[in-house]
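One letter stands for each residue in the lines below.
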Amino acid sequence: MLAMDQGVVEEWLSEFKTLPDSAVSTYAASLKDKGALVPALYKVIRENYSDLLEPVCHQLFEFYRSGEPQLQRFTLQFLPELLWSLLSVSAARDPHTSGCIEALLLGIYNLEIVDKDGQSKVLSFTVPSLSKPSVYHEPSAIGSMALTEGALANHGLSRVVYSGPHLQRETFTAQNRFEVLTFLLLCYNAALSYMTSTSLQSLCQLSSRVCICGYPRQQMRRYKGINARLTVTSEFLVQLITGIHYALCNGEVELGSKALDDVLYRSQLELFPEALLVGNAIKSSLHGAALKSNNKEGARSIQVEITPTSSRISRNAVTSLSIRGHRWKRHDAVDLGSPDELMDISEVDEGVWPGGVGPDMTPPTITISNSVTTLNLGAKAMKKCRLGGRTSKDKDKEPGPLTTGRAASENTELSVKRLTLTSSQSVPKAGALTSLTRTASAVFSRSFEQVASGNAPPASNHTASEVGRYSCSLQEEGMGYLSPTPNHTQRSPSISVHFGSDL
Amino acid sequence: MSTFQRENDAAKSLFRRLESAVTPIVSGEYSHHHHHRDRTAMASRVSFTQIRLEAEMERYRAECQWDKMLAVIEQMHAARIHEDDDYGMLMMAESLLEDCLQENMDLLRRSSPLMEKTQPKLCRAKGYLNTILSQGRLAPRYLNEALLLMAKVHYVQGRYRDAQGMCARVGLEELTLDEQPTYHLRLLAEAFVIKGLSLDHQTVSAVSRVRLSEREEESLSCFLRACDAALSYLQELDKVVTTPHVKAAKSSPLMSAVDIDLGYFLQAALQSAYLCLLHRGHLAQGAHQLRRVLRVVESRGSQSFRKAAARKLAEVLLSSVSEDSYWPPLGPPPSAWLHREGAAASKDAIYPTVKPPQRYSTDCCFCPQDVVEEAVLLLLITESMASGDAVISRLPDQADARQASLQDATSVYDLLTIGMARRGQYAMLSECLERAMKFSFNEFHLWHQLGLSLMAARKGVGAVSVFKECARMRPEDPSLPLLAAKICISQLHWFDEAEALSQTVVSMGEEAGEFLPRAFLAVGLCCSLQASDASLKADRDEFNKRALQALKKAHSLDPQDAHIAMYLALQLALIRQVSAAMEPLQAALSLCGDDLQSLHLLTLLLSAQKHHRHALDTLNLALSQHPDNFNLLFTKVKLEEAMFGPAAALQTCEEMLQRWQSRYDVSRSSETDDSSSIPMAERTEVSQGARKPSIHLTLPDFQDASTGSLSPSTVAVSRLEAALSEVSDISSSRRQGPTYIWTTLEHIWLQAGELFMSDSRLKEAQFCIAEASAIFPSSHSVLLQRGRLAELRGQLDEAKGLYDEALAIHPTGERILVHMGRLLVKSGRVHLGEKVLRDAVQVHSISHEAWSSLGEALQSRDSSQAPDCFLTALELEASCPIRPFTVIPREL
């Protein structure tokens, strides 16, 4: 590390300590003018054995704890680099050097999982539904197509938790490591729009390395760092891919697509459906668009050209909608009972399977679904089946009682055409404990007490020693700063326990 | 006379029809005709024919039905209308020009100029327009239109400066007056967009930077106005066209004719504003413009445009707007965004529109609060349109249309996937992708995505059949059968199926690349699991042999894989080659030192070697890395019982209950009641009443698979139990959450009950077992423990009844058979007991308890075989772990 870099970092370390509270926001705004600082900090994090690592981590935590968004983002920009440092060191079984990085990451995690009042934060979102009017649509205009499928109706504006509540963590264990890291990436991804390109590049590198180290692909990428395989989880990879997606669309085309390929490679080997799903979708959506025009000038913009809005579908082509349209017309025809109208409809119907049923032709195939349930039926047979028993006029109504002709015929059609993809597994609902077990456990514990008083078992002291193992210099600051809010009661982050415990 | 009569009737009926809805047009016509009449002094000769034909002409011009204009021109000519001015010529010019533009859409899109030489229609149109403009024999209104058409001609010929000049001569205020015919709104939009595009094309030649940015500003303002005018035009068109024809549309093809094909300039008018903003890198303003556009009430003509715009906005949101930088749809972009993009304020504040289109109401409706919410909403709207437009027929001549519509839909589903996966909504995603199946025949990408989404949503059966279909489409891809095999093994317990799937990858050999060792692993796991299920010794041995072979092969192919090494060790342990298992296990641990299953296996192996102290140390190490793992804790209980007696083990049981509560019980954390002060008798009653469902939020689809397979017992048994419990337990509806949570709790109570029994504290034991049976009343483990308790209390008949019930549910349960056999022997029915124990030995040939119990039975009737049984039992006991090796889950 150059002396100049060291000087820059040391100056940065000292100046924040003397800063009055009122000057914090102007200081935060001025940080981006210090051009040499960020590269110097990256160097400190990359060099695991630097003396500056501990104070730097401490300072980054202070920034995060300040609550000033710009300072928090300053810290967050180093997150990919910090994660890589942590993961590579733990893969190399060298725990003592990553202690302060662990403490910094756990500190950020423990701050982020609680809200201002010290309550566990639960991230949720509303699943939109087409059956409810929105600022962009009117349910009546959507047409019955999407709505009568029933699928959307089931999802009428329900609120869904996608992260949280999370437990406070005092140490990293094999069990919680990826839970914590995944959550940290979620926080990073939420701030992606504010991240510098250096940070995005660092994220892409992290993704590539985590996924290929120890696998044959590592040679292909010519990365010579550690060569141990790192454990990953599907959720962690999904978060990485979200970041890579942003990088790809905002100027980091080369590194981003490499990283995406590497993550997909690993997800395939691990047979992770979630990561594969998103990765494939991103790859497919970029296939035509961003990758085609790879000019750097388009950073933070989207390549556009005037394209036709409608792919001129020829009028006689059968579409999913027109098939339904045909069916409806036919129903009206039955209502009117006019032979002419019926004739019209049958012509329309012939249009659906124009192959006819001539002897020299293969029978028309309804290739709507798939080969598993491909249905071979002549147009006439099909027509007959559809026309049968239709009497009611409620063409716009939802298929109410299954006994009406249309619903019944449609039902049979659907059941034949669609794959029956019902799951054997019922969707789990949220868990709840009955107070029976709660009180019962109290009884139980009392009987335990009797047991315990008589014969004390040898207590395993691993938890105590564990706490000490990952301690770091953040403790030196004492405990004054450790409560995020003055009015927290019993749900205060247990970070104080950790940092203060073996003073 | 007759002709006149008929014509008059037709005109009257037409007039009646138009009267209500087309008032602006008709009144416009009247005012125009008054003017016209005065000038031409033909007041007495204004016929209905003229009104009718001109109204018809206006409608065709509004609906962009260029070819039909020609017929009207013919009729006018025949009826000698507009003989003395250039009206017909103007119509002719427009019809020809628009026809020509329609034919050359591709050239226009690429901005390549149209040549007069190759475009006779363009040439003729230009000739007409030149004549009209030089003769000046038209009312100002029509001359204005001619100027605009001329601007269009200049533009498509690539003479942008001329086009701009022509636009400057057009009196736009003429087009913005009230009571205008509908097609004037179209012309207005086109005028703005031609001006904007012309300016845009000239920017390259501008030298000064200030001049350049001025130009950019001006062209953008043109685009914004063009867009609003175009949207208003489409809304007006809807009103004009739909109202009078509701009845007629049903029987005539009019309805479909109304699905207008928007010309190049209309499309450009609609899109240019946001495309231009996005292209210049003004993401926030581009998104803002897209939102403004999408909030405009949909009209028939705007559908496909809305589809494209909604997808574009979703794309912008998902690719470039993160959660923290999101701003809600109804507000202006935050100043930080605008500042970054170099704009002081959003554009719509600066350029008020001429005639704002109608927008959706903002009250009492869903307004997204989150970037993914908005993107998903937009994509659902798009999907409802895209999936409807998808071409199903597979005629060769429709292949292009089919491909285009498929790509259209695919891009929507891809974006939907990106959005929903960020929120873990795999179940809903799989439903959406399922809808895509009706037009995705043989389309690998969508099938693959459907399979993955079903797998992520834990819809195993569907996922397997979809992956099989994918594998049929791409037989060279080894990941597809393995994905299906993974579900079969971990979720469905279809081991035959899984083995067949993995064998297809094995048979690919080298072609399978890095998947080959994993395929061998899958085969090995299937065989190993089948061996554990097999009831005949010969089958079991065969499966075990094949499992070992496959796992050894996998290990030799990829010695760096910690999982494979661990499963090899596990297989060796299962066949009681305890010391041989140590070697691959060491390899596994050196590759991944904190792996849960490896550490657990090491614990069990050490316990099998009777190194209990080392086993406990290892277990504590494992627990330090995986403190919440109940499977490890159960092993700890057993070890502690063996080493320190039941009392010490009960301490761990208590700890487990507390862990269970803190981990799964959300309701408790919000309460601070200390219920220990309530007397025990009351407590059960109170708690019965106080049971309540505590969580109202739906859990996301990500699941904790690692704790999912606690029980090694066969699936059939657990399904039967679940079904029985559902029937008998009235409170089952209150029990929410995944089953494994409740199975875990049941096991903790039963474990505690067992410990109390071995500590001879039957009252406590009964309490624990009652707790367990409150969760799963018909569980075979509960029935077994109830039987044991009854047996300890000397109620042998009751005990036998309970064992019988347990056996009815789980006929091959090792411990049930052993206890049943022993009970029978004890109660004097030695022969029957012996039979039961022989069954036990048959099915569980490595159970030393079964062998020693059989020995006792035989001894009691002085059989000479008894010593052999005891010897076997002793031998087996020497390599028996503290808990069966099968407690380690075998998953791909």
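Thresholds, definitions, all that
Each residue is numbered by its place in its chain's sequence as written, counting from 1. For this description, chains carry letters from A and ligands carry numbers from 1, given in the order in which they are written. At least 70 in pLDDT is required for a residue's local features to be given in this predicted model, at least 80 for side-chain atom pairs to be given and counted, and no such filter applies to totals for whole chains, interfaces and linings, which use all residues. Excluded from the side-chain calculation are hydrogens and water; included are all heavy atoms of the structure. Pairing of aromatic rings covers Phe, Tyr and Trp, the last counted by its six-membered ring, and requires centre-to-centre distances within 6.5 Å; plane angles under 30 degrees mean stacked, over 60 mean edge-to-face, and any other angle means tilted. Each helix corresponds to a stretch of at least 4 residues labelled H or I by DSSP, and each strand to a stretch of at least 2 residues labelled E; elements are numbered beginning at the N terminus. Each residue is assigned to one of three classes by its accessible area relative to the maximum for its type, calculated with a 1.4 Å probe on protein chains only: buried under 20%, partly exposed between the two thresholds, exposed over 50%. Charge-over-ring placement is defined geometrically: NZ (Lys) or CZ (Arg) within 6 Å of the ring centre, and within 35 degrees of the ring normal. By the convention used here, strands pair only if DSSP detects at least 2 bridges between them. By convention in these notes, a salt bridge is any Lys or Arg side-chain nitrogen within 4 Å of a carboxyl oxygen on Asp or Glu. Values of pLDDT, ranging from 0 to 100, describe the predictor's confidence in every residue of the model. Pairs of residues are marked as contacts when any of their non-hydrogen atoms sit within 4.5 Å. Side-chain atoms within 4.5 Å are what join buried Ala, Val, Leu, Ile, Met, Phe, Trp, Tyr and Cys residues into a set we call a nonpolar core. UniProt positions are given in the numbering used here, feature names are shortened, and annotations may be inferred rather than shown by experiment. Take the residue count of a helix, subtract one, and multiply by 1.5 Å to get its expected span. For this analysis, a polar contact is any N or O atom pair within 3.5 Å, provided that within protein one partner can donate a hydrogen and the other can accept it, and provided that sequence-adjacent residues contribute only side-chain to side-chain pairs.

### Observations regarding the packing of aromatic side chains
So, step 1. Counted according to the given criterion, the structure contains 20 aromatic pairs over all chains.
So, step 2. Taking the centre distance of 5.2 Å and the plane angle of 85° together, the rings of Y87 of chain B and Y142 of chain B count as edge-to-face. On the criterion of sequence distance, the pair formed by Y87 of chain B in helix α5 (residues 87-103) and Y142 of chain B in helix α8 (residues 140-156) is long-range, its members being 55 residues apart.
So, step 3. Ring centres of Y264 of chain B and F265 of chain B lie 5.2 Å apart, and the angle between their planes is 80°; on these two criteria the pair is classed as edge-to-face. Considered together, Y264 of chain B and F265 of chain B belong to a single accessibility category, that of buried residues.
So, step 4. Ring pairs connect the aromatic residues W12, F16, Y27, Y42, F63, F74 and F78 of chain A, which therefore count as one cluster.
So, step 5. Above the plane of the ring of Y194 of chain A lies R73 of chain A, whose end atom (NZ or CZ) is 3.5 Å from the centre.
So, step 6. In this structure, R291 of chain B is placed above the aromatic ring of W327 of chain B, and the distance from its NZ or CZ to the ring centre is 4.8 Å.

### Considerations on the pairing of strand β2 (residues 159-163) of chain A
All names here are of chain A.
So, step 1. Counting buried positions along β2 gives four out of five residues, so the element sits mostly inside the fold.
So, step 2. Across four bridges, the pairing between strand β1 (residues 123-126) and β2 is antiparallel. Bridge pairing links T126 to R159 in β2.

### Brief notes about the pattern of salt bridges
Residues and elements named next belong to chain B.
So, step 1. Evaluated as defined, the whole model comprises 59 salt bridges over all chains.
So, step 2. When the shortest N-O distance is used, the salt bridge between E94 and R61 registers 2.5 Å. Of this pair, E94 sits in helix α5 while R61 sits in helix α3 (residues 48-63), and the two are 33 residues apart along the sequence.
So, step 3. In this structure R61 comes out as buried when scored by relative accessible area, which is 2%.
So, step 4. Across the pair E145 and R61 runs a salt bridge whose closest N-O atoms are separated by 2.7 Å. A residue pair is termed long-range when its members are at least 10 positions apart, and E145 in helix α8 and R61 in helix α3 qualify at 84 residues. With respect to class, E145 is no different from R61; both count as buried.
So, step 5. Taken together, the salt bridges that share partners define one network made up of E58, R61, E94, E98, R141, E145, K152, R186 and E190.

### What about the confidence of the model for chain A?
So, step 1. Chain-level pLDDT for chain A is 67 on average; 53% of the residues reach the 70-or-more range.
So, step 2. Note on residues 290-314 of chain A: pLDDT is under 50 here. Beyond four places in sequence and across chains, it has 56 contacts.

### Observations regarding the environment of L185 of chain B
So, step 1. Along the chain, the position of L185 of chain B falls in helix α11 (residues 182-202).
So, step 2. When the C-alpha atoms of L185 of chain B and H810 of chain B are compared, they prove to be 78 Å apart, with 625 residues separating the residues in sequence.

### Topic: the nonpolar core
So, step 1. By size, the foremost hydrophobic cluster in this structure holds 349 residues, and its most contacted members are W12, F74, L105 and F236 of chain A.
So, step 2. The contact partners of F236 of chain A, leaving out residues within four places of it in the chain, are L83, L87, F178, L181, T182, L185 and V210 of chain A.
So, step 3. Core analysis: the second largest hydrophobic core is formed by 29 residues, L817, V836, A850 and C869 of chain B among them.

### Re the UniProt feature "repeat: TPR" (unreviewed entry) in chain B
So, step 1. Under the local residue numbering, the UniProt record ascribes the feature "repeat: TPR" (unreviewed entry) to residues 780-813 of chain B.
So, step 2. The span residues 780-813 of chain B is 79% helical and 0% strand by assignment, and the distance between its end C-alpha atoms comes to 9 Å.

### Remarks on helix α32 (residues 630-644) of chain B
Residues and elements named next belong to chain B.
So, step 1. Compared with an ideal rise of 1.5 Å per residue, which puts 15 residues at 21 Å, α32 spans 20 Å between its outermost C-alpha atoms and is within 8% of the ideal.
So, step 2. Looking at α32, one finds that the buried residues are F630, N631, L632, L633, F634, T635, K636, V637, L639 and E640.
So, step 3. Residues of α32 that are buried in the fold lie against α30 (596-608), α31 (612-625), α33 (646-664) and α37 (739-758).
So, step 4. Near the N-terminus of α32, the side chain that reaches the backbone nitrogen of N631, with its oxygen 3.0 Å away, is that of N629.
So, step 5. Of the residues trailing α32, G645 is marked for its positive phi of about 95°.

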